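Given next are the chains, with one letter for each unit.
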Amino acid sequence: GGCVHLCLPVPHGRSCVCASGRTRECFPTILDGPQSVNATVFTSVTFRCQVDSKGFDVNVEILKNGVSVYSRSYASSSQHQLRLVTASFTLSSVAANDGGSYTCKATNSYG
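For every chain, the first residue of its written sequence is number 1, and the numbers climb from 1 along that sequence. Side-chain atom pairs in this predicted model are given and counted only at pLDDT of 80 or more, local residue features only at pLDDT of at least 70, and totals for whole chains, interfaces and linings cover all residues. For side-chain calculations, the full set of non-hydrogen atoms in the structure is used, while hydrogens and water are omitted.

A. Up close: the nonpolar core. In this text, buried Ala, Val, Leu, Ile, Met, Phe, Trp, Tyr and Cys residues form a nonpolar core when linked through side-chain atoms within 4.5 Å. Burial classes: relative accessible area under 20% of the type maximum marks a residue as buried, over 50% as exposed, and values in between as partly exposed (1.4 Å probe, protein chains only). Ranked by size, the top nonpolar core spans 18 residues in total, and within it Val58, Val60, Ile62, Tyr74, Phe89 and Leu91 carry the most contacts. Where this core is concerned, the elements lending two or more residues are β5 (45-52), β6 (58-64), β7 (67-74), β8 (84-91) and β9 (102-107). Any two residues whose heavy atoms approach within 4.5 Å are treated as being in contact. Those residues within four positions of tyrosine 74 in sequence are excluded, and the remaining contacts are Asp57, Val58, Val60, Leu82, Val85, Thr86 and Ala87. Cys16, Cys26, Phe27 and Phe56 belong to the second largest nonpolar core, which has five residues in total. By definition, any uninterrupted DSSP run of H or I lasting at least four residues is a helix, any uninterrupted run of E lasting at least two residues is a strand, and each is numbered from the N terminus.

Dropping the structure here:
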């Protein structure tokens with residue numbers, strides 16, 4: 001803590017430099033993504049994505065074959081520093097064309 005809103009990205013790096021000179025990670029990290037599922041038509045299936053936001057606002061997307069099917073932004077505040085975020089996307093009645101590769105993408109203002 002202490003420099004959440006004062007960090008600037010270090011070019012070509014995975015960290016930020018704070019006004020104090022301290023370095024810290026600032027890019028979100030996907031800790032767990034959608035698991036492989038064999039679903040029966042007309043059943044329900046939920047895909048989850050857990051992200052470490054590193055204390056910054058973060059946008060989490062769940063993609064099907066590279067196309068976004070779910071997107072949500074999560075905000076930190078001065079009272080509550082956001083770290084772990086779990087996004088979930090539910091197909092309430094699976095159809096044959098729902099098959100595909102489901103992945104997660106997490107971004108913030110740093111990358």
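Having seen it, we continue.
B. Looking closely at the pairing of β6. Counting buried positions along β6 yields seven of seven residues, so the element is predominantly enclosed. Of the two faces of β6, the one lined by Val58, Val60, Ile62 and Lys64 and the one lined by Asn59, Glu61 and Leu63 are each fully buried. Here a strand pair is declared whenever DSSP counts at least two bridges between the two strands. Strand direction decides the pairing type here: β6 and β7, joined by seven bridges, are antiparallel. Bridge pairing in β7 links isoleucine 62 to tyrosine 70.

C. Inspection of the side chain of aspartate 52 at higher detail. With respect to the helices, strands and loops of the structure, aspartate 52 is situated in strand β5. Within the structure, the side chain of aspartate 52 is placed 3.2 Å from the side chain of arginine 83, a separation counted as a polar contact. In this view, aspartate 52 contacts Pro28, Thr29, Leu31, Arg83 and Leu84; residues no more than four positions away in its chain are not counted. N or O atoms closer than or at 3.5 Å make up a polar contact, with two conditions inside protein: a donor-capable atom paired with an acceptor-capable one, and, for residues adjacent in sequence, both atoms drawn from side chains.

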